[in-house]
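# A closer look at the structure
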Amino acid sequence: MDDVLEDAWARVEEFGRRPGASAIRPLFTADPKRFDRYSHRGAGLLLDMSKTAISDEVREALFDLARAARVEQGRDAMANGEIVNNTERRAALHMALRGGLPGAGAAAHEDALRTLTYMRAFTESVHRGEVRGATNQRFDTVLSIGIGGSDLGPVMVTRALWRAGDPMRPVHLGNVDGHGWETVLPMLDPRRTLVLIGSKTFTTAETMANARLVRAWMEASVGRNGASAHFAALSTNLAACEAFGIAADRVFPFRDWVGGRFSLWSALGLSLALSLGWERFEALLDGAREMDQHFLGAPLEQNLPILLALVEAWHVGGLKIHRRAVLPYDERLRRLPAHLQQLEMESLGKSVRRDGTPTPWSTGPVVFGEPGTSAQHSFMQLVHQGPNPVPVDFILVAKSDHRHDENHRILLANGLAQAAALMVGRDADAVKAEMREAGADEETIARLVPHRVSPGDRPSNTIVMPRLDPQALGSLIALYEHKVFVLGCLWDVNPFDQWGVELGKVLATPILRELTDGRRVPHDSSTSGLLAEIQRLQR
Ligand code: F6P
């Protein structure tokens with residue numbers, strides 16, 4: 001297989017070295033139907049990949065790459081519950097959280113259904129006021145403590161879907177920085193606050209520190225015995241939840257086959273069910289299931305997650321572009337780039353293949369983003385005219401949920417215009433003609449032309465959602481989850497582990513000890529110098 005995969009990559013790379021490999025405009029000139037041939041629908045979404053430099057020949061080479069990487073077989077192995085996370089010897093069955101699967105996936109789905117039933121009963125009891133706080137007041141706020149995958153997904157979905165009048169007010173505490181706690185504190189009445197501690201391992205230092213902080217705050221208000229009525233845990237580590245003092249009937253479990261960054265569909269999503277209501281949480285799962293079915297059933301050539309991954313493979317492997325921006329043209333999706341940063345960079349930021357040998361190719365690009373149009377006024381200058389191209393994912397939502405039609409038209413016009421401007425650019429002749437038309441003198445024109453030229457041929461994908469509702473958002477998130485899996489196959493890396501973040505955690509322990517009791521521990525001279533400076537400033 002290695003030879004086959006390396007050969008397939010070599011062919012993609014060879015296309016990338018050809019003169020004019022990154023040109024997009026000629027592809028549109030040659031084919032008036034390019035949009036029709038390079039845009040695809042699935043699970044209610046449209047993906048337009050026509051504004052990339054993928055010619056028919058390159059596309060064939062990319063499909064060959066997908067075949068060589070055995071993407072479809074890998075996908076089916078994941079759905080069957082095989083050990084696709086080879087370093088941690090685990091399955092990756094997040095699809096089972098939202099629908100039935102074959103083989104071992106079927107048992108996983110049954111397991112997930114049991115937890116979902118329990119989550120639903122709890123959610124509805126809280127909403128009906130049957131489950132109350134220690135002072136017999138109804139809960140109106142859900143405070144979620146968690147970090148990374150135990151925070152970013154739920155926060156992103158909450159920001160996207162929560163509206164005033166929804167069943168409970170969501171508040172999130174992720175960072176261990178006490179300023180985070182100080183910021184949310186004024187929003188909270190402990191007597192009406194239900195606290196969820198979300199941690200797959202229930203050992204993450206930041207989450208446990210925040211959990212202790214919040215427990216002390218709660219105990220100060222409702223007493224030691226009363227506090228337990230206000231806590232629940234979402235975790236795979238049931239023993240640690242018990243040791244923390246969480247009542248057994250308040251532990252919502254999930255399994256080790258749910259990766260942190262794929263966990264918002266599991267018990268970890270309880271905050272979503274509580275804040276948005278059960279039906280909308282279920283609709284989110286429905287949307288993801290629809291994308292799962294598309295991913296599992298659509299042919300390679302029309303399979304949205306596979307196509308999205310192949311575009312990235314072309315940019316990284318063919319054109320050697322190691323970055324990508326995500327611009328959702330919907331303010332409610334403002335935390336989507338942060339979620340995708342973790343999903344993609346924690347999954348694909350790897351340098352060894354599944355067998356531990358170095359990857360002969362580049363892997364996960366840097367991902368960043370902000371909502372449009374705001375991003376247009378910050379980093380998009382570099383995307384238009386900087387020396388290095390940055391492929392963009394534009395995400396457009398056709399129908400808004402407000403009545404400010406003009407604003408929505410302006411928003412959409414800008415999103416479409418950015419993608420078009422990146423692709424068509426503006427050459428020197430066009431700049432000159434425009435300036436002459438505006439009455440500029442020849443000296444000014446000569447001086448400014450180089451500054452005003454936009455190179456064009458800058459690639460982007462555009463994803464169109466009908467509306468930002470739970471169903472469509474579920475499909476969108478699952479689209480990116482599966483894209484990550486496909487890239488794991490194409491690059492032959494395990495997208496489900498994250499060993500790289502461990503070292504920092506290990507090194508933090510002696511530094512913390514030194515900050516606590518002042519006893520010196522040997523470090524590199526930079527770390528020692530910085531520590532000494534911080535301690536001097538603290539005195
Ligand atoms: O940042 C590393 C990481 O392990 C993530 O993968 C995970 O989502 C996060 O920490 C939080 O972990 P836990 O859910 O176990 O608290």
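The shown structure was predicted, so the numbers you read here are calculated from the model rather than taken from an experiment.

A word on helix α19 (residues 470–491). Taking 1.5 Å per residue as the helical rise, α19 with its 22 residues ought to reach 32 Å, and the 32 Å between its terminal C-alpha atoms agrees with that figure. Among the 22 residues of α19, 21 are classified as buried, and the element is accordingly described as predominantly covered. Positive phi shows up at D492, right after α19, with a value of about 55°.

Following the criterion strictly, the structure yields 10 aromatic pairs and no others. With 5.3 Å between their ring centres and 85° between their planes, W181 and W217 make a pair best called edge-to-face. One end of the pair, W181, is in helix α8 (residues 178–184); the other, W217, is in helix α9 (residues 205–227), and 36 residues separate them in sequence. In this pair, the class of W181 matches that of W217, namely buried. By way of ring pairs, the aromatic residues Y118, F122 and F252 are connected into one cluster. If you follow R34 out to its NZ or CZ, it ends over the ring of F28, 5.6 Å from the centre. Sitting above the plane of the F295 ring, R75 keeps its charged end 5.9 Å from the centroid.

Turning to the sheet that holds strand β7 (residues 251–253), a few remarks are in order. With parallel pairing, five strands are arranged side by side in an open sheet as β4-β3-β5-β6-β7. A strand with exactly one partner marks an edge of an open sheet, and here the two such strands are β4 (169–173) and β7. Between one strand and the next, the sheet's axes are offset by a mean angle of 20°, whatever the strand orientation. Pairing of strand β6 (residues 231–235) with β7 involves three bridges; the strand directions are parallel. Bridging across to β7, L234 finds its partner in F252. Running at roughly 145° to β7, helix α6 (residues 104–128) makes contact with β5 (193–198) and β7 of the sheet.

Let us now look at the UniProt feature "active site" (unreviewed entry) in the protein. UniProt's feature table lists "active site" (unreviewed entry) at E346, H377 and K505, given in the numbering used throughout. The greatest C-alpha distance among the annotated residues, which extend across 160 residues, is 36.3 Å, indicating that they are dispersed rather than converging on a single site. Excluding residues that lie within four positions of it along the chain, E346 makes contacts with R261, Q341, D497, Q498 and V501. Relative to the elements of secondary structure, H377 occurs in the loop between β9 (366–369) and α15 (380–385). H377 gets classed as exposed once you look at its relative accessible area, which sits at 69%.

A few words on the site of the ligand. In the vicinity of the ligand, 14 residues are found, and the nearest of them are S150, S199, T201, T204 and E346. In this structure, K200 approaches the ligand through a main-chain N or O atom, which is 2.7 Å from an oxygen atom. Note that an oxygen atom of the ligand is positioned 3.4 Å from one of the side-chain N or O atoms of Q342. For the shell around the ligand, the per-class residue count stands at two nonpolar, eight polar and four charged.

On to the nonpolar core, then. Formed by 116 residues in total, the largest nonpolar core has its most connected members in V157, L473, L476 and L490. It is α19 that contributes the most residues to this core, 14 residues altogether. Split by domain, the residues of this core number at least three in each of domain 1 (2–68 + 298–424 + 458–496) and domain 2 (97–283). Apart from the residues within four sequence positions on either side, L490 is in contact with L5, W9, L65, A66, A69, V71, A309, L310, A313 and W361. Ranked by size, the runner-up nonpolar core spans 24 residues in total, among them W181, V214, A233 and A240.

With respect to the helices, strands and loops of the structure, G74 is situated in helix α5 (residues 71–79). Along the sequence, G74 and D140 sit 66 residues apart, while their C-alpha atoms lie 44 Å from each other. Those residues in contact with G74, other than ones at most four positions away along the chain, are V84 and F485.

Let us look at the packing of α6 against helix α12 (residues 278–297). At a minimum axis separation of 10 Å, α6 and α12 run at an interaxial angle of 150°. When the axis of α6 is compared with that of α12, the two are roughly antiparallel. Counted together, L116, M119, R120, T123 and E124 of α6 and W278, F281, E282 and L285 of α12 form the full contact between these two elements. In terms of residue class, the contact of α6 with α12 is made up of five nonpolar, one polar and three charged.

A few words on the pairing of β5. Counting buried residues along β5, six of its six residues qualify, which places the element largely inside the surrounding structure. Alternating positions in β5 separate into two faces, T193, V195 and I197 on one and L194, L196 and G198 on the other, with burial throughout. Sheet topology note: the strand β3 (residues 141–145)/β5 ladder contains five bridges and is parallel. Among the inter-strand pairings, L143 is bridged to a residue of β5, identified as V195. Pairing of β5 with β6, which is carried by four bridges, proceeds in the parallel orientation. Looking at the pairing, L196 lines up with A232 of β6. In the classification by handedness, the crossover that spans β5, the intervening α9 and the parallel β6 is right-handed.

The rules behind the values
Residues numbered from 1 in each chain as written. Predicted model: local features only at pLDDT ≥ 70, side-chain atom pairs only at ≥ 80, totals over all residues. Heavy atoms only, no water. Helix = DSSP H or I, 4+ residues; strand = E, 2+ residues; numbered from the N terminus. Expected span 1.5 Å × (residues − 1). Buried < 20%, exposed > 50% of the residue type's maximum accessible area, 1.4 Å probe, protein only. Phe/Tyr/Trp six-rings, centres within 6.5 Å; stacked < 30°, edge-to-face > 60°. Lys NZ or Arg CZ within 6 Å of the ring centre and 35° of its normal. Pairing = 2+ DSSP bridges. Axes fitted to C-alpha atoms, helices over the stretch in contact; angles between N-to-C directions. Contact = heavy atoms within 4.5 Å. UniProt positions renumbered as here; feature names shortened; annotations may be inferred. Near = heavy atom within 4 Å. Polar contact = N/O pair within 3.5 Å; in protein donor to acceptor, adjacent residues only side chain to side chain. Nonpolar A, V, L, I, M, F, W, Y, C, P; charged D, E, K, R; others polar. Core = buried A, V, L, I, M, F, W, Y, C linked by side-chain atoms within 4.5 Å. Domains from an automatic or database assignment. Parallel < 35°, antiparallel > 145°, perpendicular 65-115°, else oblique. Right-handed = clockwise from strand over helix to strand, strands pointing away.

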